Structures are given as C-alpha cells and as structure tokens.
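Residue-level structure breakdown
Each chain, letter by letter, is given below.
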There are 2 protein chains.
Amino acid sequence: MTDPDAPRRRSDVTRTAILDAARERFASDGYERATVRAIAQDAGIDPSMVMRYYGSKEGLFSAVIDVELVLPDLGAIPVDDVGAVLIGHFLDLWENDSVLQTLLRVGVTNEAGAARMRAVFAGQILPLAEQFVVTSQDAARRAALVASQVLGMALVRYVLRFGPAADMPRADVVAWLGPTVQRYLTAKAP
Amino acid sequence: MTDPDAPRRRSDVTRTAILDAARERFASDGYERATVRAIAQDAGIDPSMVMRYYGSKEGLFSAVIDVELVLPDLGAIPVDDVGAVLIGHFLDLWENDSVLQTLLRVGVTNEAGAARMRAVFAGQILPLAEQFVVTSQDAARRAALVASQVLGMALVRYVLRFGPAADMPRADVVAWLGPTVQRYLTAKAP
DNA sequence: ACTGTATGCCAACATGCGTTGACCTCCGCC
DNA sequence: GGCGGAGGTCAACGCATGTTGGCATACAGT
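Fair warning: this is a prediction, and the values are worked out from it, not measured in the lab. (Residues numbered from 1 in each chain as written. Chains lettered and ligands numbered in written order. Predicted model: local features only at pLDDT ≥ 70, side-chain atom pairs only at ≥ 80, totals over all residues. Heavy atoms only, no water.)

1. Comments concerning the interface of chain B and chain A
Note on interface size: it is often stated as the accessible area lost on association of the parts. Taken together, the contacts link 47 residues of chain B with 47 residues of chain A. With both chains or domains summed, chain B and chain A bury close to 4000 Å², and 71% of this area falls on carbon and sulfur atoms. Per-residue buried area on chain B facing chain A is highest for Val108, Phe162 and Trp176 of chain B; these three make up 19% of the total on that side. On inspection of chain B and its partner chain A, the count reaches 4 salt bridges. Two residues, Asp172 of chain A and Arg141 of chain B, come together in a salt bridge whose shortest N-O distance is 2.4 Å. The interface formed by chain B and chain A includes 18 residue pairs in polar contact (both at pLDDT 80 or more). Every element with two or more residues in the side of chain B that touches chain A is listed here: α1 (12-33), α6 (98-107), α7 (111-130), α8 (136-159), α9 (163-167) and α10 (170-186) of chain B. Sorting elements by how many residues they give to the side of chain B that touches chain A places α8 of chain B first, with 14 residues. Its residues assigned to classes, the side of chain B that touches chain A comprises 28 nonpolar, 8 polar and 11 charged. (Contact = heavy atoms within 4.5 Å. Buried area = accessible area lost by both parts, 1.4 Å probe. Salt bridge = Lys/Arg side-chain N within 4 Å of Asp/Glu carboxyl O. Polar contact = N/O pair within 3.5 Å; in protein donor to acceptor, adjacent residues only side chain to side chain. Helix = DSSP H or I, 4+ residues; strand = E, 2+ residues; numbered from the N terminus. Nonpolar A, V, L, I, M, F, W, Y, C, P; charged D, E, K, R; others polar.)

2. Regarding the protein's contact with DNA strand D
Taken together, 20 residues surround DNA strand D, and among them Val36, Arg37 and Lys57 of chain A together with Thr14 and Arg52 of chain B come closest. Backbone polar atom of Asp46 of chain B to a phosphate oxygen of DNA strand D: 3.0 Å apart, as the coordinates give it. Within the contact set of DNA strand D, a base nitrogen lies 2.5 Å away from a side-chain nitrogen or oxygen of Arg52 of chain B. Among the elements of the structure, α2 (36-43) and α3 (47-54) of chain A together with α3 (47-54) of chain B are those that each provide at least two residues to the surface near DNA strand D. Ranked by the residues each element gives to the surface near DNA strand D, the list is headed by α3 of chain B, at 4 residues. Class assignment of the residues belonging to the surface near DNA strand D gives a composition of 6 nonpolar, 6 polar and 8 charged. (Near = heavy atom within 4 Å.)

Everything listed here is a matter of coordinates, which is why it stays silent on function.
What follows is the structure, encoded as structure tokens:
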C-alpha cells in the first residue's frame, strides 16, 4: 500500500522547502529585503528553482500568503467569554503561524499584502461581528475596532517588540484585552 | 533688518526640499522602496545632492525621523477625560504629521525605525502612564497597552486603510477608543 | 537496458540601486 | 573686474537584484 501523504512528485519536497524558507524570510524581513537568493540558500537549492516552481518572486509571495485563517466557532461559548476566548485564539495564531507576521510586515509597504489583509479581515473578523449586531454598518465598525486592538497588540508584541508588551504574560494580555474586544463586540454603540 | 527665518545658507531651500520629499516617500513607500533617485526627482534636484547634504540614504532617513513628538500636559485636564483627550491628540498627530506614518511603515521592516519607535514610546507614552501608577513595571505595561490600541487604530485606519476604520468619523473613534485607554491607564490591574 | 522527462545547477543577462568624482555655473567679496 | 568657493549637474562605477536559457544528471516507464 502507498502512503497517502507521500509526495506525488519528486519535486514536492523542494517545493515545500522553498515555501518554508520563503515564509520565514518574508515574515522576518518583509517583501523587499527577502531576496530570492536568500530564500533559495535557506532552502538549499538554486535560485532558478524558485522561478521554475513559482514563476516569479511575486508568485512565490502569493503562494505564501494563500492560507486560510480559521477562527473558532463562537456560538458554542458563553457570550460573556467571547472577548477572552478570541484574544486567546489570536495569540495562538500569532505564535504558531508565521503567515500573520508575514502579512503584517508586508501589508504595511506592499499593496498586495494590504489587500490580502483586508480580505482576511472581511472573511474572518467581519462575519464574527455580525453575530452580535443587526445592521451591517455597525458590524463593520465593530469588526474594525476589534482588528485595531488585535493587530495593535501583535504589532507592539511581535513585530516592534516593545519590551513591556513582549514580556507580558499571555494571561495578562487576555485579562486586559479581553474586556476591550468584548466591549467592542457587545456594548451599546456610544 | 534681516528676516530671522531667512535661510542662512543658499542651500537651505534645497535641503528642506529634499527633506520634505523624503518624508513623503518614506511615509508612503517605506524605506526600501523609497529610492534616493525618486526623492531627488520629487525635490527637483540631482540624486548626488542628497549625498552631499545628508551623506547617505541612511543619513537622510535619520534626519527625517529625528523629530520630537509632543504630547499635551495631562495634568491640567480632568482625570476622567484623559482617555478621550489622548485619543483626540493622537488623531491630530497622525493626520497632520507624516513622520508617524513614516515610523510605522519603516519600523516594521527596518531595525533603525523600530528602535526609533521604541524611543518615542519610552520618551512619550511611558512617562504619561507613570502619572497614574506607582510601580514602574505596572506603568510600563499600561503604556504598552495604550500604545497597542493607538498604533493598532493608526495601522488599520491610515496604513492598511480598512474601509470601516478609515471611514469612521473622528468623534466615533474617540468615543470608542477613549474609554479603552482610560481603562488601560487608570483601572485596577486585573 | 534504453529513453524521455523531470529535476537541478551554472553562468549570464538586464536593470535599478546607492554612491562617487569630475566638471560647470553663478553668487558674494576684495 | 577678477577670484574663490558654494551650489548644482552629469556620467559613470560597483554591486545586488530578479530572471533566463543551456546543460548535466538521475529517475521512471517500457
């Protein structure tokens, strides 16, 4: 019997090596400073392989950011815990998946990255806010508020690495930010 | 009598033209994509002038981000209004001065920019938090929380330009974010 | 075992970058 | 009126980048 996880082509191991290296380089250096040559060297192959398998640097980047963010179903948890659960889940996401760091780093200077970020926002955070509110304009605003706090914490904690933000224990982040997004989602509009 | 604001050297007009063009380019494109050639063209002079007056691209960037952020004295306003006043002031700052956009755009991919951002944080937001709290570690955390919300809103509103965040009237931003930073600064630690 | 093709490397290309030094020009001063 | 220096342009350098085509090699199907 054949292993269903086995690579279908011999080149698949190289393909994913390139993708992994690219993920890290884009996440830590941003789009411009992550050079094809550096990515290729990290992956242990020739730069021309990148072009063969992904067409161009832009194509490689597209492959890197083409991921699905999955948020937990918030219907199953008590309404009062939504804020805390959400913050906890976002912290997991940021710490275990480099694609969000990539998006944040690149979205700030690259329009394609910004567009992808907006798409994630529209596909994940917006529907979430719509569970708590009637009019769609109100939901959009609340989603934007949640995004501002979540991305802001990610920025100072993981990207800019402000000491106090980076050192804060996870539980404290949840305790402080949880009520904030809870209010953004469920409080009466001011 | 001589005008005290008159340029002391004939080249001062060119110097500031370069600086103005650099501010805009760095703010909108980030460090890597803001080329010396493009800045020079915007300023209407030759690229070599940039080198003559600022030594290098790095030197020009240093000159651009070498600014003082001034926050209002919060001693004079009622304690309960601190959050709202602060948010209002930050919105003014972001809308009237491109240097913060520059810092945010560059700080995400450039270590010098990130360092400058941390310095602004330590020099401006941290002392502010120290007015409300006794231990310096607590103050640092509260300052980081305020920074996360303020920078997060700047990110989604001015840089990533999420529709709902960019369109939100200024008064609504103050009404939503004011209580948040108010709580970060003055509420009992959880 | 033979052959075609997928896989990979190497060398080179064109381009745009930051940066440099030689040259020109015009203002202010003796 | 001539002169020295500051202000400015021009062309070029060296380098790193993304990208390309040609060539070797090793695998898979017959």
